[in-house]
Amino acid sequence: MQTDKRLIDAAQRAGQHLADRDTPFIFDCWYVAGFSEDFDRTPRSRTVLGRSLVFYRTEAGEAVALSDRCVHRSFPLSRSRLDRDTIVCGYHGLRFDSRGQCIEVPSQAGNCPSGIGVRAYRLREQGPLIWIWMGDGEPAVDLPIGPWLGSEQWPGSNQYHYLPASYVSLHENLLDLTHLSFLHAGTFGTPDFAAAPYSLELDETKGNFKLVRTVSPTRLPRVWAEPLGLTGIESVRKTTSEFIAPSAHLVSGHFYALSDASNPPNTRIYTAHLPTPETATTTHYFIHHARNFATQDTHVTQFMHEQLSAAFIEDIEGLTALEKLVSMTPPSERFEISFSADRAAVAMRRWLKKTATGAKES
Ligand code: FES
Ligand SMILES: [Fe+2]
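Numbers given for residues are sequential positions, taken from 1 along each chain in its written order. As a convention, the first chain written is A and the first ligand written is 1, with the rest following in written order. In keeping with the model being predicted, local features are shown solely for residues with a pLDDT of at least 70 and side-chain atom pairs are shown and tallied solely at 80 or more, while totals for entire chains, interfaces and linings include all residues. As a convention, hydrogens and water are excluded, and side-chain values are obtained from all of the structure's heavy atoms.

*Asks:* Mind showing me how you'd approach the coordination of the iron ion (ligand 2) here?
*Replies:* When four donors bind a metal tetrahedrally, each ideal donor-metal-donor angle is 109.5 degrees, and when six bind octahedrally, the ideal angles are 90 or 180 degrees. The rule for donors is simple: N, O or S, within 2.8 Å of the metal, or within 3.2 Å if the metal is Na, K or Ca. Water isn't counted, so a site may look like it is missing partners. Here the iron ion (ligand 2) is held by the protein donor atoms His 179 (NE2), His 184 (NE2), Asp 315 (OD) and Asp 315 (OD), which lie 2.1 to 2.5 Å from it. Square planar and octahedral assignments, for four and six donors respectively, both demand that opposite donors be over 155 degrees apart and that all other angles lie between 65 and 115; tetrahedral needs four donors with all angles between 85 and 135 degrees, and anything else is irregular. Coordination geometry of the iron ion (ligand 2): the 4 donor atoms subtend angles of 56 to 151° at the metal centre, consistent with an arrangement described as irregular. Spacing between the donor residues of the iron ion (ligand 2) along the chain follows H-x4-H-x130-D. Here's how the labels work: a residue is buried when its accessible area is under 20% of the maximum for its type, exposed when over 50%, partly exposed in between, all with a 1.4 Å probe on protein chains only. By relative accessible area, His 179 is classed as buried at 11%.

Structure follows, in structure tokens:
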């Protein structure tokens, strides 16, 4: 038995309007370049949206991002040395200031013709994160996620995973929580999650896609039940999954005892999933996980961190395998059959494609 040819044709036609690994990046957006502690007085390379960059901090602690390619003969500045706030190319010694301007050419008595330099990128620090603006236009005033992130009322922890898969697949994974019952059956999934009722708010003008799924009554998995004191208690599990920007997706958990349903406590668990494409098929996957209860309890922080790491590694392994399989499939044989639970993800991918290519709706 194979999928009906007419269904394959229809799926391929629909797929042309959806973002995938072949869709150009969206540059006009703040992306996470790293956690604050990733960058110091040692120049470090990181590729963001296919661009090789070098990161370092000035003596005053300000983070700097420059194009990694020296304009003379393309030596990586990340293999060069810092001299106070300047970076001195390790090949022939061109010196660049922290704005990327070349200020010295040793081979011509130190003189540097004007107008030579490497591109400098705008950075903004927010709590534990450093964001980078990759576009040519003026950076957006607001960062995608705010202002709770990094505040004392929201203690949490960070994770970084190198994901050998497209950032589009990761966003789709996050808007499609039916996979919890299967991919995460051994961690934070429960069998009742996939078929639970949900509501959608899809805004293809603003590029905001929200899915709220409520499972009730249910038993919470360990990662939520233990910190909230709900082990073995009939509970409500309400999860909001929201695509905010190409670089940001927020999952908000509201979990409470069924007996408190008429007046639930204001406890929330936030997980900011912050994918930054490295290349079309590799992604820097930053995660910041926080809560607004047990704010002084470091055991809760550690426990949730470990439990969630195990679950997110299941996503990473799944998406890695998926990416490998797609890359081995000839483009003419690629197709995806979607179901009603995929509506939010399909709308998000349609918006990504339209935004990336400037395509008109057809
Ligand atoms: S390649 Fe950098 S100075 Fe020559
Ligand atoms: Fe997952």
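*Asks:* For this particular structure, what's the right way to read the sheet that holds strand β3 (residues 51-57)?
*Replies:* When DSSP locates at least two bridges between a pair of strands, those strands are taken to pair. In DSSP terms, a helix is any run of H or I states spanning at least four residues, a strand is any run of E spanning at least two, and both are numbered starting from the N terminus. Taken together, 6 strands build an open sheet; the order of strands is β1-β10-β9-β4-β3-β2 and the sheet is antiparallel. Each edge of the open sheet carries a strand with a single partner, namely β1 (30-35) and β2 (44-48). Taken pair by pair, the neighbouring strands of this sheet meet at an average axis angle of 35°, ignoring direction. As paired elements, strand β9 (residues 120-126) and strand β10 (residues 129-133) share 5 bridges and run antiparallel to each other. Each residue of the ladder has a partner; that of Arg 124, found in β10, is Trp 131. Interaxial angles span 0 to 180 degrees and are taken between N-to-C directions of axes, which are lines fitted to C-alpha atoms, for helices over the stretch in contact.

*Asks:* I would appreciate a short explanation of the side chain of Thr 240 in the present structure.
*Replies:* Take Thr 240: it is sitting in strand β14 (residues 235-245). Among the residues examined, Thr 240 registers a relative accessible area of 18% and is labelled buried. It only takes one pair of heavy atoms within 4.5 Å for two residues to be counted as in contact. Those residues in contact with Thr 240 that sit more than four places away from it in its chain are Lys 210, Leu 211, Val 212, Leu 250, Val 251 and Ser 252.

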